[in-house]
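Residue-level listing of the chains:
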Amino acid sequence: MKIVKTIDEVRRQVKEWRAQGLSVGLVPTMGYLHEGHASLIDASHRDNDRTVVSDFVNPMQFGPTEDLESYPRDIERDAALVEEHGGDIIFNPEPSEMYHEGFSSFVDMNVLTQELCGLSRPVHFRGVCTVVSKLFNIVQPDRAYFGKKDAQQLAVIRHMVDDLNMDIEIIGCPIVREEDGLAKSSRNTYLDAEERKAALVLSQAIDLGINMVRNGETDCTVITDALKKHISAEPRARIDYVKIVDLATMQQITTIDRPALCAIAVYIGKTRLIDNFFTEDV
Ligand code: AMP
C-alpha cells in the first residue's frame, strides 16, 4: 500500500496495472476514514483487482462559512485502514496539485441539486462534480464506490456519469452505523459527549420514518411532521431540512407513490449531520 501525492504517479501506477489487464476500483473520500469508508473499500476490493482510495479534503465543495479548516485529517491512520481493507493506493494530493493556479473549468448540474443539501450548501455540488470528474480522469477506474449516506451526492454522480458519457460503473453502498444507530461520519468527531447523545435523534427519526412506511403510510406530510416533532424535542437539535423527494428528480413529493428518498439534515450544536432512508430499501 502506497501513499501517493502526485497525479503523475497515480497515472503511472494505473497504466502499469492496465498493461497487466487488471481492473481498477476508485473510492473517493475526504479522509479521516471510518467503517463507512471501509465498507466501500471492501466492496471495491471484492469487485476489482486493484483499489485506489482518494483522500482529499476538497476546498471547492465547502462554502465560505463551513468547516474546511477544522475538517479532521490523519493520513497515517487512514493509510493503515486502507491497507487493512485491501486498498492498493491512497491518493492524498495537496490542494495545489488538484487546483493549479488559474484553474477555471467546472462541472455543474442544474437538476437534482436544487433541493436538500443543494439548497443549504449552494456551491457544494459544483465542487463535488468537479473534483469527482477530475478523480475519474486521473484514475480512469472501471468502477467507483459511493455511500448511500450521501444519497443526493450518489444521485448527482450517477446523473453526471450518464450526461457526460463517462464509462464508469457507479456502485452505491449501504449506510454503516454505530452500534446505537448513529450514521458513521468523520464529522461525528466534532460532537462532545452530550451532543453525541443528542445526535441519536437523527437515526431515531429515520427508524420512525421507516416504520411508518412499513406500516403503509404514504402521506409525506404526515411522515415528515412526525420526524420533525421527534427531532424538535431534543433541545440541542436544530432542523435544516426533513424532506421526502422523488429518487429520480430529488424534487419534493406529497405521496409516496414512486421510489423516494426521505432525507434529513440536522445541526447538533454547530455540527451539521445528515441521515436518510430509501423507500425501496424499507
Ligand atoms: P466523505 O469522506 O464523508 O466525503 O465520504 C466519502 C464516501 O464515503 C462517500 O461516498 C460517503 O457517502 C461514504 N460514506 C461516508 N459515511 C458513510 C457511512 N456511514 N456509510 C456508508 N458510506 C459512507
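Residues numbered from 1 in each chain as written. Predicted model: local features only at pLDDT ≥ 70, side-chain atom pairs only at ≥ 80, totals over all residues. Heavy atoms only, no water.

Going by the annotation in an unreviewed UniProt entry, the name recorded for the chain is Pantothenate synthetase, with Ruminococcus albus given as the source organism. Under the Catalytic activity (unreviewed entry) heading, UniProt states for the chain: "(R)-pantoate + beta-alanine + ATP = (R)-pantothenate + AMP + diphosphate + H(+)". (UniProt positions renumbered as here; feature names shortened; annotations may be inferred.)

**Quick look at the environment of Gly 181**
Of note, Gly 181 is situated in the loop between β6 (169-173) and α8 (193-198). By relative accessible area, which is 14% here, Gly 181 ends up buried. Sequence separation between Gly 181 and Val 201 is 20 residues, and the spatial gap between their C-alpha atoms is 9.6 Å. (Helix = DSSP H or I, 4+ residues; strand = E, 2+ residues; numbered from the N terminus. Buried < 20%, exposed > 50% of the residue type's maximum accessible area, 1.4 Å probe, protein only.)

**Considerations on the UniProt feature "binding site: (R)-pantoate" (unreviewed entry) in the chain**
In this structure's numbering, the residues bearing the UniProt feature "binding site: (R)-pantoate" (unreviewed entry) are Gln 61 and Gln 153. For this annotated set, covering 93 residues, all C-alpha atoms fall within 11.6 Å of each other, a compact arrangement in space. Tracing the chain through its elements places Gln 61 in the loop between β3 (50-55) and α3 (75-84). Among the polar contacts listed, one links the side chain of Gln 61 to the side chain of Asn 58, at a separation of 2.9 Å. With respect to the helices and strands, Gln 153 occurs in helix α7 (residues 151-163). (Polar contact = N/O pair within 3.5 Å; in protein donor to acceptor, adjacent residues only side chain to side chain.)

**Considering the sheet that holds strand β4 (residues 89-91)**
Strand order in the open sheet made by the six strands is β1-β4-β3-β2-β5-β6, with parallel pairing throughout. If you trace the sheet from one side to the other, it starts and ends with β1 (2-4) and β6, each paired once. Averaged over neighbouring strand pairs, the angle between their axes works out to 25° when direction is ignored. The pairing of strand β2 (residues 24-29) with β3 spans six bridges and is classified as parallel. Paired with Gly 25 across the strands is Thr 51, a residue of β3. Across the sheet, helix α2 (residues 35-47) is in contact with β2, β3, β5 (143-147) and β6; its angle to β5 comes to roughly 155°. (Pairing = 2+ DSSP bridges. Axes fitted to C-alpha atoms, helices over the stretch in contact; angles between N-to-C directions. Contact = heavy atoms within 4.5 Å.)

**Some thoughts on the nonpolar core**
One finds Phe 91, Met 98, Phe 136, Ile 157, Met 160, Ile 170 and Leu 261 to be the most contacted residues of the largest nonpolar core, which totals 50 residues. Considering each element in turn, this core owes the most residues, nine residues, to helix α6 (residues 124-139). Counting contributing residues, this core receives three or more from each of domain 1 (2-173) and domain 2 (186-275). Once residues within four sequence positions are removed from consideration, Phe 91 is found in contact with Val 4, Lys 5, Thr 6, Ile 7, Val 10, Val 52, Val 53, Ser 54, Asp 55, Met 98, Leu 135 and Ile 138. Listed in part, the 28 residues of the second largest apolar core include Cys 220, Ile 253, Cys 262 and Phe 277. (Core = buried A, V, L, I, M, F, W, Y, C linked by side-chain atoms within 4.5 Å. Domains from an automatic or database assignment.)

**A short note on unusual backbone geometry**
Across residues other than glycine, the phi torsion is negative in most instances, and most of the peptide bonds are trans. Located in the positive-phi region is Leu 112, a residue other than glycine, with phi close to 65°. Accessibility expressed as a relative area gives 5% for Leu 112, which makes it buried. With a phi close to 65°, Met 250 is a non-glycine residue in the positive phi region. Note on placement: Met 250 falls in the loop between β7 (237-246) and β8 (260-268). Judged by its relative accessible area of 0%, Met 250 falls in the buried class.

**Digging into the domain arrangement of the chain**
Accessible area lost upon the coming together of the parts is a frequently used measure of interface size. By domain assignment, the chain separates into domain 1 (2-173) and domain 2 (186-275). Here the C-alpha centroids of domain 1 and domain 2 sit 26 Å apart. Both sides together, the interface formed by domain 1 and domain 2 hides about 1,600 Å², and carbon and sulfur atoms give 57% of it. Of all residues in domain 1, the largest losses of buried area upon contact with domain 2 belong to Leu 112, Glu 115 and Leu 116, amounting jointly to 35% of the total for that side. The tally of links between domain 1 and domain 2 comes to two salt bridges. As a salt-bridge pair, Glu 115 and Lys 243 come within 2.9 Å of each other at their nearest N and O atoms. Applying the counting criterion to the domain 1 and domain 2 interface returns eight residue pairs in polar contact (both at pLDDT 80 or more). (Buried area = accessible area lost by both parts, 1.4 Å probe. Salt bridge = Lys/Arg side-chain N within 4 Å of Asp/Glu carboxyl O.)

**Section: the pairing of β7**
Among the 10 residues in β7, seven count as buried, and that is most of the element. By the bridge criterion, nine bridges tie β7 to β8 in an arrangement that is antiparallel. Within β8, the position partnered with Asp 246 by the bridge is Ala 260.

**Comments concerning α3**
All buried positions along α3 are accounted for by Asp 78, Ala 79, Leu 81 and Val 82. Buried residues of α3 fall within an arc of 165° about the axis and therefore sit on the same side. Exposed and facing more than 90 degrees away from the buried side of α3 are Glu 76, Glu 83 and Glu 84. Of the surrounding secondary structure, the elements contacted by the buried residues of α3 are β1, α2, β3 and β4. Gly 86 occupies a position one or two residues after α3 and carries a positive phi of about 85°. (Arc of directions from axis to C-beta.)

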